[in-house]
Amino acid sequence: MASAELQGKYQKLAQEYSKLRAQNQVLKKGVVDEQASSAALKEQLKMKDQSLRKLQQEMDSLTFRNLQLARRVELLQEELALSEPRGKKNKKSGDASSQLSQEQKSVFDEDLQKKIEENERLHIQFFEADEQHRHVEAELRGRLATLEAEAAQHQAVVDGLTRRYMDTIERLQSDKARLEVKSQTLEKEAKECRLRTEECQLQLKNLHEDLSGRLEDSLSVISEKVPFNDTKYSQYNALNVPLHNRRHQLKMRDLAGQALALVQDLVTALLNFHTYTEQRTQIFPVDSAIDAVSPLNQKFSRHLHENASYVRPLEEGMLQVFESVTENTVTVLETTVKLKTFSEHLTSYMCFLRKILPYQLKSLEEECESPLCTPALTARNLELSQDMRKMTAVLEKLRTYVALLALPSTEPDGLLQTNYSSILTHVGAALHGFHDVMKDISKRYSQKAALEHELPTATQKLVTTNDCILSSLVALTSAAGKMASFFSNNVGYLTASLSYGPRAASGFTSPRAAECMLRYKQKAAAYVQAVRKPLVESVPYAEALANRRVLLSSTESREGLAQQVQQSLEKISKLEQEKEHWMLEAQLAKVKLERGTQRLADTLRSGGQQEGAAPGPGAPAHAHAEPAQQSASVVSAGPLLSLLVGMVTRTSDGEVPDAESREDLIKNHYMARIAELTSQLQVADSKSVHFYAECRALSKRLALAERSKDSLTEEMRLASQSVSRLQDELTTTKRSYEDQLSMMSDHLCSMNETLSRQREEIDTLKLCSRGNSKKNKSR
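Residues numbered from 1 in each chain as written. Predicted model: local features only at pLDDT ≥ 70, side-chain atom pairs only at ≥ 80, totals over all residues. Heavy atoms only, no water.

(A) Main features of the overall build of the chain. When helices and strands are counted, the chain shows 15 helices and zero strands. When each of the 779 residues of the chain is scored for burial, the buried share is 20%. Long-range contacts, defined as pairs at least 24 residues apart, comprise 82% of the intrachain contacts of the chain with a sequence gap of at least 6. (Helix = DSSP H or I, 4+ residues; strand = E, 2+ residues; numbered from the N terminus. Buried < 20%, exposed > 50% of the residue type's maximum accessible area, 1.4 Å probe, protein only. Contact = heavy atoms within 4.5 Å.)

See the structure below:
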């Protein structure tokens, strides 16, 4: 019930939580919307405030202009009121004053004429004096310029001579210093050369003596051991077995692997090219989905459909060649039998190419005869047909050279060894020619595809197929280029190493020498394997590294270990002393035991003799006497046994045990007790040593932890200081930015005030200028 109630409460809380969460999301959205609306309203309020300020400024300027206009109207009215009575008075006095003004005007005219004449004369004199001064100044300036030019020339000549003399002096001084350094270096080199000459003469003398001695020894060995020199004659040297070159085999296997990868790329590109060409014959010039394809293209497509059966064997043949090149074989042309298989597959592929070439050429001609074919497309088709013929010819040439290289493995007399290098060179040239032809085909086909894409009947299927053919041609060109560069880089090595023979011979005469060499190599490997001694077991490298890390990471120091060794030595010496002491004690106890045993035996013997000698009246007396004697013997032997054992062992019958069994029991008890105490002592000692080492390690770890704690405390203190400094800088920067913002706002306010004041002044000045202009016009 309680769990059900809790579950119900939990569900209610979950529902309320989901409701509150949904309400919270709605409230958050509402708050965000309200904040956005408040921001928009604030922006509108700011814009309204600005527009209000502008309207207030315009209102103030209009009121000011109205006041100015009102004042101007008042002034004009006053002037008009004053000008009306003056006009009436001027009409009366105008006639009387006109006569006086005519007389004054004639006097003024005469004076003005005199002043004009005098001014003209003064101007003429001033002009003449000015012209004379300019002429004299020009002459003097010309003389000064010529003198300065002559002085500059003289100074330049003097400077040039001085510079030349200084350069000559510096050059001579540098030549002198260089010659002195050169003479010193030459003297040093001459001394070194003399010393080297003496050393070389001494070495030459020593070498001459050494070589003469070796020559005498070699001649004596040859005269004694060698009946004749078999390497001198090729017939005899051919019988020698060559050495097995493992590096040569590894290098040849690497080259065969690279050639296999290149042939695989070439096979993939050829498969794609033939397959996409087959698809193209079904699409262009007539789509098989719309109309029937011509019989020529049907046969061409049928032949192209069989390309995999001719192209795939090339990869298989090269794979067989690669698998035949191993470390335990000899790779030369005479032993590479699988090269014949690759040559046969290449021949079958060439037959396939010769079979499809006429169909391909006729298909291109059929495309040219199509009504949709343009002259440019026809030209591209003709060029492409010529390139296809070239490709077939180049591959035919390559097939011929590969067949020649495969001859030595099947017919040793079919190809001379002297022709190996020339055939390999021709193979490289054929591969380069194949690469060039493929580049031309790729270029022509790209141009052809571009022209076909421009045709109005070009479909998306044709465009896609052309792109696939172009990509396969690019891959084929790349593979041909890689093969050509690979063969060019390794043709020297192949020429030098494809046929090697015994000692100074030119090559193998037959593959039997290779078989014999491999047999000897296997025998030598078996012999070395037989005489090879097993290595002593050692610690594995990974375990040694782990132990080294443990030793390096241990906190035990060298002094601590030395101290432990010293303590162990002291304990060993003490234990040796205790051992000697207890051995002596054991000997004394043994002597005492022997004496006690002897006494006990004597006592028991004497008791037995007394019992046998005493006459008994009857059986009861004898029965009573025997327990009494046994008890007496036990009582007499009791102190001795208490000294030896510390306890008396009683049997169930009350009989006294035998002396030897009791001695063995005592001995076994003490030996077990000693062994137990020794083991406990050793365990306690090892625990104490272990605890002591752990305490030392913990103390050192504690010291290291204290140091790290101090360093971390210091780093934390520095970090806190840097944080506080950065906070201070932040507050300072923030305060400075706030001050700058306040200053900028104040500056903007003052600038606005000055601008408004200047606008008012400009407006007043404009009004004044307009009023003055109106007054002047009215006057």
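(B) View of helix α5 (residues 307–324). Between the first and last C-alpha of α5 there are 27 Å, a value that for 18 residues agrees with the 26 Å anticipated at 1.5 Å per step. When we look at burial in α5, the residues that qualify are Asn307, Val311, Pro313, Leu314, Gly317, Met318, Val321 and Phe322. Packing partners of the buried residues in α5 comprise α3 (246–281), α4 (295–304) and α6 (338–369). (Expected span 1.5 Å × (residues − 1).)

(C) Representation of the packing of α6 against helix α7 (residues 375–405). Closest axis-to-axis distance for the α6/α7 pair is 10 Å, and the angle between their directions is 165°. Between α6 and α7, the crossing angle belongs to the class labelled roughly antiparallel. As α6 runs across α7, the sense of the crossing is left-handed. Classifying every residue of the contact of α6 with α7 gives 17 nonpolar, seven polar and five charged. (Axes fitted to C-alpha atoms, helices over the stretch in contact; angles between N-to-C directions. Parallel < 35°, antiparallel > 145°, perpendicular 65-115°, else oblique. Left-handed = near helix turned anticlockwise from the far one by under 90°. Nonpolar A, V, L, I, M, F, W, Y, C, P; charged D, E, K, R; others polar.)

(D) Inspection of the nonpolar core at higher detail. By size, the foremost hydrophobic cluster in this structure holds 68 residues, and its most contacted members are Tyr349, Met391, Leu395, Val427, Phe434 and Ile441. Breaking this core down by element, the ones donating at least two residues are α3, α4, α5, α6, α7, α9 (420–453) and α10 (460–497). For this core, the element with the highest residue contribution is α3, accounting for 13 residues. Judged by nonpolar contacts, the second largest core, of six residues, contains Phe284, Cys373, Leu377 and Leu455. (Core = buried A, V, L, I, M, F, W, Y, C linked by side-chain atoms within 4.5 Å.)

(E) Spotlight on a nonpolar patch on the surface. Nonpolar side chains collect at one region of the surface, where Val157, Leu161, Tyr165, Met166 and Ile169 lie side by side and expose about 450 Å² of accessible area between them. Tracing the backbone shows Val157 in helix α1 (residues 2–225). (Patch = residues over 30% accessible without salt bridge, like charges linked within 9 Å, V, L, I, M, F, W, Y side chains within 5 Å. Areas by Shrake-Rupley, 256 points an atom, 1.4 Å probe, with all protein chains shown as cover. Salt bridge = Lys/Arg side-chain N within 4 Å of Asp/Glu carboxyl O.)

(F) Looking closely at the side chain of Thr277. The topology assignment puts Thr277 in helix α3. A relative accessible area of 11% means that Thr277 is categorised as buried. Here Phe273 takes part through its backbone oxygen, which lies 2.5 Å from a polar atom of the side chain of Thr277. If we ignore the near neighbours within four places in the chain, the residues touching Thr277 are Phe300, Leu304 and Ile469. (Polar contact = N/O pair within 3.5 Å; in protein donor to acceptor, adjacent residues only side chain to side chain.)

(G) Broad picture of the pattern of salt bridges. Taken as a whole and judged by the stated rule, the model has 20 salt bridges. A salt bridge links Asp210 to Arg214; the nearest nitrogen and oxygen atoms lie 3.5 Å apart. Of the two residues, Asp210 and Arg214 both sit in helix α1, four residues apart, roughly one turn of that helix. Exposure remark for Asp210: the relative accessible area of 35% places this residue in the partly exposed category. For Arg354, the salt bridge goes to Glu396, with nearest N and O atoms at 2.4 Å. You can see Arg354 sitting in helix α6 and its partner Glu396 sitting in helix α7, a full 42 residues away along the chain. In this structure Arg354 comes out as partly exposed when scored by relative accessible area, which is 38%. By sharing partners, the salt bridges in this structure join Arg280, Glu367, Lys448 and Glu452 into a single network.

(H) Highlighting a negative patch on the surface. The grouping of Glu594, Glu660, Glu663 and Asp664 at the surface amounts to a negative patch. In terms of residues, the negative patch owes the most to one element, helix α15 (residues 659–778), which gives three residues. When you line up the elements, Glu663 lands in helix α15. (Lys, Arg positive; Asp, Glu negative; His and termini not counted. Charge placed at Lys NZ, Arg CZ, Asp CG, Glu CD.)

(I) Focus on the packing of aromatic side chains. Tallied over the entire structure, the rule returns two aromatic pairs. An angle of 15° between the planes, with centres 4.8 Å apart, marks the rings of Tyr310 and Phe352 as stacked. One end of the pair, Tyr310, is in helix α5; the other, Phe352, is in helix α6, with 42 residues separating them in the sequence. Given a relative accessible area of 21%, Tyr310 falls into the partly exposed group. Ring geometry for Tyr349 and Phe352: centres 6.2 Å apart, planes at 35°, overall tilted. Highlighted residues: Tyr349 and Phe352, both in helix α6, separated by three residues, approximately one helical turn. (Phe/Tyr/Trp six-rings, centres within 6.5 Å; stacked < 30°, edge-to-face > 60°.)

(J) Here's a closer look at the state of the cysteines. What the rule picks out here adds up to zero disulfides. Lacking any disulfide linkage, Cys368 is separated from the closest cysteine sulfur, that of Cys373, by 4.8 Å. (Disulfide = S-S within 2.5 Å.)

(K) Looking closely at the environment of Leu424. You can see Leu424 is positioned in helix α9. Judged by its relative accessible area of 3%, Leu424 falls in the buried class. On a C-alpha basis, the gap between Leu424 and Val402 in space is 9.0 Å, while along the polypeptide they are 22 residues apart.

(L) Quick look at the side chain of Asp387. Mapping Asp387 onto the fold places it in helix α7. Classification of Asp387 by relative accessible area gives buried; the value is 4%. For Asp387, the residues in contact, after removing those within four places along its chain, are Val437, Asp440, Ile441 and Arg444.

(M) The packing of α5 against α6, seen in detail. Following both chains from N to C, one finds α5 and α6 inclined at 165°, their axes separated by 8 Å at the closest point. Our classification of the angle between α5 and α6 gives roughly antiparallel. In this structure, the crossing between α5 and α6 has a hand that is left-handed. Packed against α5, whose contacting residues are Asn307, Tyr310, Val311, Pro313, Leu314, Gly317, Met318, Gln320, Val321 and Ser324, the element α6 presents Lys338, Leu339, Thr341, Phe342, His345, Leu346, Ser348, Tyr349, Phe352 and Lys355 at the interface. Grouping the constituent residues of the contact of α5 with α6 by class yields 11 nonpolar, seven polar and two charged.

(N) Region of interest: the environment of Gln447. Relative to the helices and strands, Gln447 resides in helix α9. Once the C-alpha coordinates of Gln447 and Ala376 are considered, the two residues, 71 residues apart in sequence, prove to be 9.5 Å apart.

(O) Just the confidence of the model for the chain, in detail. Scored by pLDDT, the chain has a mean of 77; 80% of the residues are at 70 or more. Taken as a whole, residues 613–657 scores under 50 in pLDDT and shows 18 contacts with residues more than four places along the chain or in a different chain. (pLDDT = per-residue confidence, 0-100.)

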